[in-house]
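Descriptive analysis of the structure
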Amino acid sequence: MALGDPIRRQLAAAALKRQLERVSNVGDDAKRARPVAAPADPLGAPWSARSGFEAMPQYQQIALMRQMGETLQVQSPFFRVHDGKAGATTWIDGREYINFANYNYLGMASDPVVVAQAKAAIDQYGTSASASRMVAGERPVQRELERELAQLYGTDDCVAFVSGHATNVTTIGALLGPGDLVLHDALAHNSIVQGAQLSGAKRLSFPHNDWAALDELLSRTRHEYRNVLVVIEGLYSMDGDFPELPRFAALRERHKCFLMVDEAHSLGVLGARGRGIREYFGMQPDDVDIWMGTLSKTLAGCGGYIAGCQPLIDILRHLAPGFLYSVGIAPALAAGSLAALRQMLSEPSRVTTLRARGEQFLNRARAAGFNTGTSAGYAVIPIITGSSQRAAQWANALFEEGINVQPIFYPAVEERAARLRFFICSTHEPAQIEQTVDALVRVSRQ
């Protein structure tokens, strides 16, 4: 459907959005729990798996999103095929682009030392651990990575998982259950929400970064539950801001609850040497009970980890389904992440450069009049467009100018919070950032 009149396109988009809201199950517990009526006579009518999947609300949501793109005449910016390594630039269909759609924050994914260590591990151990570490045994590099991560956080021990998302899901699920309570930031990552839901514990959210609201919530509810877990993030991947960790640590002590910090985007970014939010605020290791992080960002691999006291790690190593019933992290990935960790600590100039690039982008964007929300300029900077249509159009227009950035729009965020999300890396050059903001200005005026 090609609609030439902009007003008609807007009306059609609004109608599609209303349909999408009716079938969407994103961020709405009531909709998520709503039963879907079964066919009147499922055994008496022709049926196929295809038709069954097509009838699901989830598929209808995807179909409507595609229809919205066609109605607005906006080409999908997703699932583009990249050639070569993730970094400050990328190659797509034979053309080089400035790349803001990856979180290789310190450039470790293509670092020669990191790549060489991963290759050496393949030669020694092959491409896979090939079984669960409990039943098939360990490889030295897996435990070496865990030991050095534990040293980084100053904790007793650490355990590594094959997926960052699964790390949160299986950790929360293994520790909490019926009779317990999980309290998380309203903007918490999907893995935190999923872990809380699947655990069977009661789940409540508190306003973003609002420690005072959490204090009030704990005062009202703490006595009703056996164990209470508070989960926050070190750096929020949609907005690029971070919590006042000392305030949350004080609540942990006052209300006798566990505190978990997801450092997926703050390791390698916050702190003078990239040691994360603990270094940034100068806090002690045991101010937080569960330190979580991923290996896929600063540490240039794939997977996640939990660092903490020995009883915690023992529980997870022996009972967390995502560890016990999953293959162990591939030795090559463990070796690469271990090398990236060592490089980060030995070359703090990378962290300094990343900070400078983030400040440059944030300051230039704000000076140009763009809404960057609450971003602190540490690696993640949104440009809030306030419209899904505008976010998609700007992303495609920037792509035409040789800049790759991904839009985030409804239903992933509220329509008024639709945005372009820029991931800044230490390998971005100042000229690339200037070029990008200049292109943003041109695109926004079209």
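As the structure is a computational prediction, the values presented were derived from the model and not from experiment. (Residues numbered from 1 in each chain as written. Predicted model: local features only at pLDDT ≥ 70, side-chain atom pairs only at ≥ 80, totals over all residues. Heavy atoms only, no water.)

Bringing the overall build of the protein chain into the picture now. Along its length, the protein chain carries 18 helices and 13 strands. In the protein chain, buried positions account for 52% of the 446 residues. Surface summary for the protein chain: the accessible area is close to 20200 Å², and the carbon and sulfur share equals 54%. (Helix = DSSP H or I, 4+ residues; strand = E, 2+ residues; numbered from the N terminus. Buried < 20%, exposed > 50% of the residue type's maximum accessible area, 1.4 Å probe, protein only. Areas by Shrake-Rupley, 256 points an atom, 1.4 Å probe, with all protein chains shown as cover.)

One open sheet holds the seven strands; their spatial order is β3-β9-β8-β7-β6-β4-β5, and the pairing between them is mixed. Where the open sheet ends on each side, the last strands, each with one partner, are β3 (157-161) and β5 (202-206). Taking each pair of neighbouring strands and ignoring which way they run, the sheet shows an average axis angle of 20°. Of the pairings in the sheet, the one linking β3 to strand β9 (residues 304-308) comprises five bridges and is antiparallel in character. (Pairing = 2+ DSSP bridges. Axes fitted to C-alpha atoms, helices over the stretch in contact; angles between N-to-C directions.)

All of the buried residues along helix α9 (residues 190-199) are Ser191, Ile192, Val193, Gly195, Ala196 and Ser199. In the core, the buried residues of α9 are packed alongside α8 (164-175), β4 (181-185), β5, β6 (228-233) and β7 (258-262). Gly200 lies just past α9 and shows a positive phi near 90°. (Contact = heavy atoms within 4.5 Å.)

Moving on to the side chain of Thr90. Within the element layout of this structure, Thr90 appears in strand β1 (residues 89-92). Relative accessible area serves as the criterion here: at 3%, Thr90 is assigned to the buried category. Excluding its chain neighbours within four sequence positions, the residues that come into contact with Thr90 are His82, Asp83, Arg95, Glu96, Tyr97 and Asn99.

Glancing now at the side chain of Arg419. When you line up the elements, Arg419 lands in strand β13 (residues 419-423). Looking at Arg419, its side chain comes within polar contact range of the main-chain oxygen of Met238, at 2.8 Å. A distance of 2.9 Å separates a polar side-chain atom of Arg419 from the backbone oxygen of Ala417. Not counting residues within four places of it along the chain, the set of residues in contact with Arg419 comprises Met238, Asp239, Pro382, Ile383, Ile384, Thr385, Ala391, Gln406, Pro407 and Ile408. (Polar contact = N/O pair within 3.5 Å; in protein donor to acceptor, adjacent residues only side chain to side chain.)

Sizing a probe to match a water molecule and rolling it over the atoms shows the empty space that remains. Within this structure, the stated rule accounts for one cavity of 30 Å³ or more. The computed volume of the largest cavity comes to approximately 30 Å³. Along the walls of the largest cavity sit Ala160, Phe161, Val162, Gly322, Phe323, Ser326, Val327, Gly328 and Ile329, which together make up its complete lining. Mapped by element, the contributors of at least two residues to the lining of the largest cavity are β3 and α14 (321-324). Classifying every residue of the lining of the largest cavity gives six nonpolar, three polar and no charged. (1 Å grid on protein atoms, 1.4 Å probe; cavity = no way out; pocket = protein on both sides within 12 Å on 5 of 7 lines; lining within 4 Å. Points joined across faces, edges and corners; volume = space filled by probe spheres on them. Nonpolar A, V, L, I, M, F, W, Y, C, P; charged D, E, K, R; others polar.)

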